Amino acid sequence: MQLPYEVQECSRYLPQAEIQWWDSMAWAARIFSKGRIDRAGRGLLELPPDDPRREAEVAVVDNWRACHAYPLQVIKMTLLNRAKKIDSGALIAQRLKRRPSIEIKLRDNPRMQLSQMQDLGGCRAVLTSVAQVRKLVEKYKEFHAKSPKDRSDWDGSDDFDYILTPKPDGYRSVHLVFRFCSPSAERAIYNGQRIEIQIRTKLQHLWATAVETAQIFTGQALKSKVKNASEDWLRFFALTSSAFALRERAPCVPGTPDNKTEIVRQLREIIGRTNIMSSLSDWNDTVHILEEKETPGARFYLLTLDSEKRTLRIDPFMAEEAVTSQKAYDKAEKDTEPNPNVQVVLVSVDDVDALRKAYPNYYVDTKSFMTAVEREMRKK
């Protein structure tokens, strides 16, 4: 079988079963106008969960999100190929953005239109070092310089290098935004859709997922632009990010010291008078995993975390069940929407062993992050 041009570059990473369903898969396609999609985005913010009109808005949003699945899969496979050539141990994952996260982003950015949101589909590469991150970014730049116009390509923006210019909260990563493009008449329906690639180091990944865990269990909006969080938690994460940055010989977070001694001093002061480290420790290993099925060859995983009951349900799906997994995702979000303690996400990794490494926040696993922080606290 001839693979679509989009995946020929990475065909050696595809199992035979995946090769067989590329052309036959009934991927979701957009069925609403961009204007209707934008109105649905506003409807998510304006209509409360118990408003009967909300269901129609959710259906529009879910369709628009679902039709990013094919472009996301294509761009993720290219990322896999390029990242593995640089770091054979690179961790690759992908996800469709959670509906609550869509709402938060629209609320934080009042001028943003849902049809223009760049990360409804997102994939990530986690590499060992900043040097490897830079090398992978350069590979994309090289391809961009010679890429034909009928291929999916990075938009050339340098505005999202959060390693060179960290966010004030401490977030560090490089983001590349792609616009999907295919010469195939059948796949042209996806042309122009945006997919975001995040490229980060292992330390940056530990930090980001620890923030996610803290946000879940403290109920504080640590990631939102509209901060509703303890200054101690915010400062703790900004300082730890700068400590990691110094280790990686990268710029520190704005508003934090640029030397190790002062960073450690401030961290010790915060840790000494708060329960931050003990909270991170106490959350570990408290989640009971439900329905963890052994499914060799699974590619998609529906994760359902109940932070109140401390349970995690993992539902695996095979590669050829991509559409089925998306429908299950939509239903799970709808069923759990009234419960703010439940988080649902549909992700894809190469195997189940990579699942915990890619999403330790869903397993409530902060051990590696704490080990990294404690290492920075030790005197040299």
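Structure report, in brief. (Residues numbered from 1 in each chain as written. Predicted model: local features only at pLDDT ≥ 70, side-chain atom pairs only at ≥ 80, totals over all residues. Heavy atoms only, no water.)

The phi dihedral of Arg 249 is positive, around 55 degrees, even though this residue is not glycine. Here Arg 249 shows up in the loop between α9 (231-247) and α10 (260-273). With a phi close to 55 degrees, Val 364 is a non-glycine residue in the positive phi region. Following the sequence through the fold, Val 364 ends up in the loop between α13 (352-358) and α14 (367-377). (Helix = DSSP H or I, 4+ residues; strand = E, 2+ residues; numbered from the N terminus.)

This part takes up the sheet that holds strand β4 (residues 174-179). Pairing between the strands of a sheet is mediated by backbone hydrogen bonds and can be parallel or antiparallel. The strand order across the open sheet formed by nine strands is β3-β4-β5-β2-β1-β9-β7-β8-β6, and the pairing between neighbours is mixed. Each edge of the sheet is formed by a strand with only one pairing partner; in this case those strands are β3 (153-154) and β6 (288-290). Each of β1 (91-96), β2 (121-127), β5 (194-201), β7 (298-306) and β9 (342-349) touches helix α8 (residues 202-218); the most contacted strand, β5, lies at about 110 degrees to it. Running at roughly 165 degrees to β9, helix α12 (residues 322-336) makes contact with β1, β7, β8 (311-318) and β9 of the sheet. (Pairing = 2+ DSSP bridges. Contact = heavy atoms within 4.5 Å. Axes fitted to C-alpha atoms, helices over the stretch in contact; angles between N-to-C directions.)

The next thing to look at is the pattern of salt bridges. Following the criterion strictly, the structure yields 26 salt bridges and no others. Residues Arg 273 and Asp 232 are paired through a salt bridge, measuring 2.9 Å at the closest nitrogen-oxygen approach. Taken as a pair, Arg 273 in helix α10 and Asp 232 in helix α9 lie far apart in primary sequence, 41 residues in all. The salt bridge partner of Asp 365 is Arg 356, with a shortest N-O separation of 3.2 Å. For Arg 356, a relative accessible area of 31% gives the class partly exposed. (Salt bridge = Lys/Arg side-chain N within 4 Å of Asp/Glu carboxyl O. Buried < 20%, exposed > 50% of the residue type's maximum accessible area, 1.4 Å probe, protein only.)

Among the nonpolar cores identified, the biggest contains 109 residues, and Phe 237, Leu 303 and Phe 369 are the most heavily contacted of them. Per element, the largest residue contribution to this core is 10 residues, and it comes from helix α5 (residues 69-86). Aside from chain neighbours lying at most four places away, what touches Leu 303 is Leu 312, Arg 313, Ile 314, Gln 343, Val 344, Val 345, Val 347, Leu 355, Tyr 359 and Tyr 362. (Core = buried A, V, L, I, M, F, W, Y, C linked by side-chain atoms within 4.5 Å.)

Attention now moves to the packing of aromatic side chains. Under the criterion given, the structure shown has 16 aromatic pairs. Measuring from ring centre to ring centre gives 6.0 Å for Phe 237 and Phe 369, while their planes differ by 35 degrees; the resulting arrangement is tilted. Placement of the pair is Phe 237 in helix α9 and Phe 369 in helix α14, with a sequence separation of 132 residues. By the burial criterion, Phe 237 is buried, and Phe 369 matches it. Pairwise contacts between aromatic rings join Trp 207, Phe 217, Trp 233, Phe 236, Phe 237, Phe 244, Trp 283 and Phe 369 into one cluster. Against the face of Tyr 329 rests Arg 65, its NZ or CZ located 4.2 Å from the ring centre. (Phe/Tyr/Trp six-rings, centres within 6.5 Å; stacked < 30°, edge-to-face > 60°. Lys NZ or Arg CZ within 6 Å of the ring centre and 35° of its normal.)

The next subject is α14. Buried within α14 we find Phe 369, Met 370, Ala 372, Val 373, Glu 376 and Met 377. All buried residues of α14 project into a common sector of 160 degrees when viewed along the axis, lining one side. Buried residues in α14 make contact with α8, α9, α10 and α11 (276-283). (Arc of directions from axis to C-beta.)

Note that Thr 311 resides in strand β8. Along the chain, Thr 311 and His 288 lie 23 residues apart, while their C-alpha atoms are 4.7 Å from each other. In contact with Thr 311, not counting residues within four places along its chain, are Val 287, His 288, Leu 290, Thr 304, Leu 305 and Asp 306.

Now for the side chain of Glu 333. In this structure, Glu 333 sits in helix α12. In this structure Glu 333 touches Asp 62, Arg 65, Arg 98, Arg 99, Pro 100 and Val 344, once residues within four positions along its chain are discounted.

Moving on, we come to helix α4 (residues 54-66). For α4, spanning 13 residues, the distance from its first C-alpha to its last is 18 Å, which sits close to the expected 18 Å at 1.5 Å a residue. Among the 13 residues of α4, 10 are classified as buried, and the element is accordingly described as predominantly covered. Buried within α4 are the following residues: Arg 54, Glu 57, Val 58, Val 60, Val 61, Asp 62, Asn 63, Trp 64, Arg 65 and Ala 66. (Expected span 1.5 Å × (residues − 1).)

Counting buried residues in β5 gives eight out of eight residues, a clear majority hidden from the surface. Summarising the sheet, β2 and β5 pair through six bridges and their orientation is parallel. Looking at the pairing, Ala 125 lines up with Ile 199 of β5.

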